[in-house]
Amino acid sequence: MQAKHTINLLQAELLPEKMFITLPRVVLLWITLLLVMIVWAVITQTSNQQLKSTYSVLQKKNNKQSQQVSLLEKKIADRAPDRQLQEKLATLNLLMRHKQSLHAKLTDTKRTFVVGFAKAMEELSQMHHPDIRLQTINISLDDMTFSGVAKKPEAVPAWLAGFENSTLLSGKSFVQFELSRNDNNITEFTVSSKRASGDAE
């Protein structure tokens, strides 16, 4: 058996440490960063161009819609109602409001006058005479005036005689009684009465 005559004096502790950052690695890192920046710049430029194109399309649509709105507003202005028609409509509305107010007052059962008027109209309807046609009825608190036409003059006193059976119309004394014939030979009459002086207020 032959003995070793050599000794290895190079131990692992004496070897130099391997460097992590080397020139080739640094160059490779720079090249990689440069490529990433180029790709990012291309993507950004492409996206920017797309946004500009989209903005241009939307701007054109907005301008077109604004023109349509202006055109419609002009058409609406051209079709505005005539001023005379508007004034006529306002007058009709005013008349309608007055009629509604009058109707409300005449149908308000809380008012004594309305109750009396309705009662008088009911009794006049019950005392209808076939030869009498009333044209005007005026009833106030103390006076009543009736006017109309009659087929024959004697029908008027006969009709007035029926007032004695009326609850509301009885007790009236007539202060005016007129009979006349018009151009068509039709008898016209007007009678006016007021509450008898002996009745209690």
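Predicted model only: the values in this text are computed from it and were never measured.

Regarding the overall build of the chain
For step 1, the next point in the chain: Check the secondary structure of the chain and you find four helices and four strands.
For step 2, the next point in the chain: Reading the helices (α) and strands (β) of the chain from amino to carboxyl end gives α-α-α-β-β-α-β-β.
For step 3, the next point in the chain: In the chain, the share of contacts with a sequence separation of at least 24, taken over all contacts with a separation of at least 6, comes to 46%.
For step 4, the next point in the chain: Split by element, the accessible area of the chain, about 17400 Å² in all, is 59% carbon and sulfur.

Some remarks on the confidence of the model for the chain
For step 1, the next point in the chain: Averaged over every residue, the pLDDT of the chain is 76; the share at 70 or more is 72%.
For step 2, the next point in the chain: This stretch, residues 195–201, has a pLDDT under 50; its non-local contacts, to residues over four places away or in other chains, come to ten contacts.

Some remarks on unusual backbone geometry
For step 1, the next point in the chain: Notably, Asn 185 is not glycine yet its phi reads approximately 60°, a positive angle.
For step 2, the next point in the chain: Among the secondary structure elements, Asn 185 is positioned in the loop between strand S3 (172–181) and strand S4 (187–195).

A short note on the side chain of Ser 147
For step 1, the next point in the chain: With respect to the helices and strands, the residue Ser 147 is situated in strand S2 (residues 143–150).
For step 2, the next point in the chain: Its relative accessible area of 16% is what places Ser 147 among the buried residues.
For step 3, the next point in the chain: Apart from the residues lying within four places of it in its own chain, the contact partners of Ser 147 are Leu 134, Gln 135, Thr 136, Phe 189 and Thr 190.

So, how was this worked out
Residues numbered from 1 in each chain as written. Predicted model: local features only at pLDDT ≥ 70, side-chain atom pairs only at ≥ 80, totals over all residues. Heavy atoms only, no water. Helix = DSSP H or I, 4+ residues; strand = E, 2+ residues; numbered from the N terminus. Contact = heavy atoms within 4.5 Å. Areas by Shrake-Rupley, 256 points an atom, 1.4 Å probe, with all protein chains shown as cover. pLDDT = per-residue confidence, 0-100. Buried < 20%, exposed > 50% of the residue type's maximum accessible area, 1.4 Å probe, protein only.

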